Amino acid sequence: WQQVDAGVDTYFESCGVIQRLVEHSSDLLKRVRTTLGPKLHLARLELTGTLGKTFVNEKFTLVTGQPGVGKSAAALAALEEVIGGAPLFVFQATEFAEENLDHAFAALRISEPLSRISALFALHIRKFVLIESVERLLEAEHRDAFFMLLRRLAEDDSWRTILTCRQHVASLVQEAFLNPLGMRT
């Protein structure tokens, strides 16, 4: 019974981690404005179609634009078209301004390593991560956690990572975070 009990405990702990990730993502997604004013919705079909195809086919996508142009809204609209029930986790880049990934996850009350989270979704062909405002890490004292996260996401072919940043620093973000890991967007 102890082994069965330990397995059940582990399962429910993992469910708690998933619930925490879902709640965290939901809270961040509520901040994304998808309308102008109370009702006006801009249909950007060509953009969201292109982004959606890119999100599915590329491991890393850097979505850039001027401040307030709707980078996150466009990414979210594109994801809604292609996600098909796959998991989506959303973070602010500054949540990874830590010395290591364990510290960053602990601050988010996530007690499982990324490999375990991936294993819980092993039947999904694709898993998506949206990380917003990556440019804010350029001035962070610590960003090792972000590098660790990107490295681990790159190692698993099922993860698709969408990064948003402001247009004027896109090349700096590419040089600082993606090029050192051999990643192209």
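Residues numbered from 1 in each chain as written. Predicted model: local features only at pLDDT ≥ 70, side-chain atom pairs only at ≥ 80, totals over all residues. Heavy atoms only, no water.

(A) Inspection of the environment of Ser72 at higher detail. Its location among the elements puts Ser72 in helix α3 (residues 71–82). A relative accessible area of 15% places Ser72 in the buried class. Separated by 91 residues in the primary sequence, Ser72 and Leu163 place their C-alpha atoms 9.2 Å from one another. A distance of 2.3 Å separates a polar atom in the side chain of Ser72 from a polar atom in the side chain of Glu132. (Helix = DSSP H or I, 4+ residues; strand = E, 2+ residues; numbered from the N terminus. Buried < 20%, exposed > 50% of the residue type's maximum accessible area, 1.4 Å probe, protein only. Polar contact = N/O pair within 3.5 Å; in protein donor to acceptor, adjacent residues only side chain to side chain.)

(B) Spatial organisation of the environment of Leu62. Looking at the element boundaries, Leu62 is found in strand β1 (residues 60–65). Residue Leu62 is classed as buried on the basis of its relative accessible area of 17%. Separated by 112 residues in the primary sequence, Leu62 and Gln174 place their C-alpha atoms 8.4 Å from one another.

(C) Main features of empty space enclosed by the protein. Counted according to the given criterion, the structure contains 1 cavity of 30 Å³ or more. A volume near 70 Å³ is recorded for the largest cavity. Looking at the largest cavity, the residues that line it are Leu21, Phe89, Phe91, Phe105, Leu114, Ile117, Val129, Leu149, Leu153 and Trp159. Residue assignment for the lining of the largest cavity shows that the elements contributing at least two residues are β2 (88–92), α5 (114–120) and α6 (144–155). (1 Å grid on protein atoms, 1.4 Å probe; cavity = no way out; pocket = protein on both sides within 12 Å on 5 of 7 lines; lining within 4 Å. Points joined across faces, edges and corners; volume = space filled by probe spheres on them.)

(D) The pairing of strand β4 (residues 159–166), seen in detail. Counting buried positions over the 8 residues of β4 gives 7, a clear majority of the element. Here 6 bridges tie β1 to β4, and the two strands are oriented parallel to one another. Bridging across to β4, Phe60 finds its partner in Thr161. As for the winding sense of the linkage, the β-α-β connection from strand β3 (residues 127–132) through α6 to β4 is right-handed. (Pairing = 2+ DSSP bridges. Right-handed = clockwise from strand over helix to strand, strands pointing away.)

(E) Fine view of the nonpolar core. By size, the foremost hydrophobic cluster in this structure holds 36 residues, and its most contacted members are Phe96, Val134 and Phe146. The element contributing the most residues to this core is α6, with 6 residues. Phe96 has contacts with Phe91, Leu101, Ala104, Phe105, Leu137, His142, Arg143, Ala145, Phe146 and Leu149, leaving out every residue within four places of it along the chain. Among the nonpolar cores identified, the runner-up in size contains 15 residues, and Leu28, Leu51, Val90 and Phe128 belong to it. (Core = buried A, V, L, I, M, F, W, Y, C linked by side-chain atoms within 4.5 Å. Contact = heavy atoms within 4.5 Å.)

(F) Region of interest: unusual backbone geometry. With a phi close to 60°, Arg109 is a non-glycine residue in the positive phi region. Phi at Ser133 takes a positive value of approximately 55°, unusual for a residue other than glycine. Here Ser133 is to be found in the loop between β3 and α6. By relative accessible area, Ser133 is classed as buried at 15%.

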